[in-house]
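Listed below are the residues making up each chain.
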Amino acid sequence: MMMAATLLSFLLPLAGAVVLAFSGGRLGPRASTAIGVGSVGLAALATGWALLAFSGDSQGFTLWTWVSVGEFQPTVGLAVDGLSLVMMSIITGVGFLIHLFAAWYMVGEAGVTRFYAWMNLFVFSMLVLVLADNLLLLFLGWEGVGLCSYGLIGYYYQNETSGRAAFKAFIVTRIGDVFLALGLFLIFVELGTLDIGLVLEQAPRVWAEGSVTANLAALLVLGGALGKSAQVPLHTWLPDAMAGPTPVSALIHAATMVTAGVYLIARLNGLFLQAPAVMLLVGIIGAVSLLLAAFAALAQTDIKRVLAYSTMSQIGYMFLALGVGAFDAAIFHLMIHAFFKALLFLSAGAVIISCHHEQDMGRLGGLWRKLPVAYGGFLVGGAALVALPWVTAGFFSKDEILWQAMASGHSGLFAAGLIGAVLTGLYTVRLILGIFHGEPGSDHARHPRPGTSPLTHHLPLATLAVLSTFIGAWLYPGLDELFPAPPGDATTAGYTLFQFLAIGAALSGLALAGWLFLARRRWLDEQVRRGLGAQLWTLFNRAWGFDALFDRTLVRPWQGLVRVLRFDFINLGMNLPALLARVGNAGLVKTQNGQIRTYARMMVFGATIILVGLALTQGGGA
């Protein structure tokens, strides 16, 4: 029963993608929507079936041997355990709600069939990634989600901005994928297998803790995780990826694909535990990413870019947890983040569509009466994002990360997490006030969208809102049996101090935001117009200048090298025979003009040459 449920969970989205992709334009928007949403809905039901059938023990299903070359015999096999079931539930459950919302969002858009084909293929690829029992099959799903992300970011391909954003995302994530592929090569050469279970068993036996090989393997895998999860320095693609439709941002760039790096490190926890220095690096990268992204979110004017940097910051918390060995806490926050960030993105999509695709906060405002459902979504999702104590799911997941960081003795990482909590309150309040309060900037908001079913709009937002409260935290099963306990000693006094600091950070961020954006708004606006305030605003708005830095140090030198190599003399020498052949062909073609006189002259000329040659040869011989 478990095998049937697992197979259905990812074969149904694949079937939907195949039907849509090969429909040849014969399906209308309604039929495409029904197939796209229905196949993922059935996959969610299959996942529920798998949850009911799960006995608590890991189960594996080998379908067939993929390749057999000597000792290299990877299989197409599935591994079902608590971690994969949590990820399956997020992918299909949250994925279905986002697909359902897309039925409202995509009304009237061109290419709906193509949209759902890509979305369904993405769900299939993501499920392959989390269910694979070996790293080669995982890598297939890993590349599949990258391909689908490219197609969906560039959905509005007529728009040059969308095309460039898709290309940028594809290139930057491919850099990480190259590191991951090299890591898989090293793992196979050293351990003789790519089976995930065997890798976790053999890594502690073959590699000494802290050995060069263990560190190198962990570093290469980390490179792949940084690209997919948009962490420093491979993070610049995520804000630009907001050029795609908002349901794409909710599914791919908030709830699922960007968390694939977190899943990868958690799944290969035994490998990273053999490399403590790399583990610390993971935590440092997470801390730096969460702070840089939080500051950048403070100065964005596009509502989706604010949420994009917020996503990068929250994934930074997950990396911080991974770095201190709190793998369970990282996956817990991954699940809760999927709930509230999908809610925020879908609520943003409701605002964007209702205000005729307006995303600039400067042209919005005063919408809380006109868009009450979206306003409620932002309030609940924003409360979970800032970890409002006790009533939100984000409080339980984020505070678990901060507690593990404090208990492990990494005071610097813990301090970064607290500062990030204050900044989260600042940019969240700024976002909500800028969209829904103040002077109205849009007089044309319509809600719900005319000609659509309110159910497809209200139901996803309401469901995700409930899951973003403390109710969502109750759904997490806990994966203590899969992950080793994080280091550190828990004491009652220490935990009391931690709660005081963590709750104080969240509430102080809200209080500071209220003071700045309500009581001192005019003063704040004056500060960012001149002097140091204007410089900081520019720095944060440009996300610390990473794009400009990469453009000057990588892109432009590469373009210059390409221009130089266009006139490569070696290449010109290799092309010379082809050039001579083309010139000779052009000359010979002109002699084939169809005129008998020309052919006769050529025959006489040729015969004369032959006779003269023979005469000279005989004369020389005499």
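Higher on the page you've got the structure.
Residues numbered from 1 in each chain as written. Predicted model: local features only at pLDDT ≥ 70, side-chain atom pairs only at ≥ 80, totals over all residues. Heavy atoms only, no water.

## Overview of helix α17 (residues 393-407)
So the rule is basically this: Labels follow the DSSP assignment, with helices taken as runs of H or I lasting at least four residues and strands as runs of E lasting at least two, numbered in each case from the N terminus. Expected helix span is taken as 1.5 Å per residue step, with the number of steps being one fewer than the number of residues. Under the scheme applied here, a residue whose accessible area is under 20% of the maximum for its type counts as buried, over 50% as exposed, and between as partly exposed, the area being computed with a 1.4 Å probe on protein chains only.
Relative to the 21 Å expected for 15 residues at 1.5 Å per residue, α17 spans 21 Å between its end C-alpha atoms, a close match to the ideal helical length. Buried within α17 are the following residues: A393, G394, F395, S397, K398, D399, I401, L402, W403, Q404, A405 and A407. Downstream of α17 by one or two residues, G409 has phi in the positive range, about 90°.

## Let's talk about the pairing of strand β2 (residues 75-80)
Condition: Each pair of strands is called paired provided DSSP finds at least two bridges between the two strands.
Most of β2 is tucked away, with five of its six residues classed as buried. Two strands pair when backbone bridges link them, and strand β1 (residues 59-65) and β2 are joined in this way by six bridges, in the antiparallel orientation. Note on β2: the bridge partner recorded for F61 is L78.

## Considering the side chain of T47
Spelled out, the test is: By the criterion applied in these results, polar contacts are pairs of N or O atoms within 3.5 Å in which, for protein atoms, one can donate a hydrogen and the other can accept it, and in which residues neighboring in sequence qualify only through two side-chain atoms. Between two residues, a contact is recorded if the distance between any of their heavy atoms is within 4.5 Å.
Positionally, T47 belongs in helix α2 (residues 29-53). Relative accessible area serves as the criterion here: at 2%, T47 is assigned to the buried category. In this structure the side chain of T47 is engaged in a polar contact, spanning 3.1 Å, whose partner is the side chain of T92. Each residue touching T47, except ones within four places of it in the same chain, is listed here: S9, M88, S89 and T92.

## Notes on unusual backbone geometry
Peptide bonds are, in most cases, trans, and in most cases residues other than glycine have a negative phi. With an omega of 5°, the peptide bond between V232 and P233 qualifies as cis. In this fold, P233 is placed in the loop between α8 (212-228) and α9 (237-240). Phi at H357 takes a positive value of approximately 65°, unusual for a residue other than glycine. On the secondary structure map, H357 appears in the loop between α15 (327-354) and α16 (372-385).

## As for the packing of aromatic side chains
Stated precisely, the cut-off is as follows: Under the pairing criterion, centres of Phe, Tyr and Trp rings, with the six-membered ring standing for Trp, must be within 6.5 Å; the plane angle then separates stacked pairs below 30 degrees from edge-to-face pairs above 60, leaving the rest tilted.
For the structure on display, the rule yields 24 aromatic pairs. Seen in terms of ring centroids, Y155 and Y156 are 5.1 Å apart; in terms of plane orientation they differ by 75°. Their pairing is edge-to-face. Owing to a relative accessible area of 1%, Y155 belongs among the buried residues under this scheme. By relative accessible area, Y156 is classed as partly exposed at 22%. Between F540 and W544, the aromatic rings sit 5.3 Å apart at their centres with planes inclined by 50°, giving tilted as the arrangement. The class for W544 is partly exposed, based on a relative accessible area of 31%.

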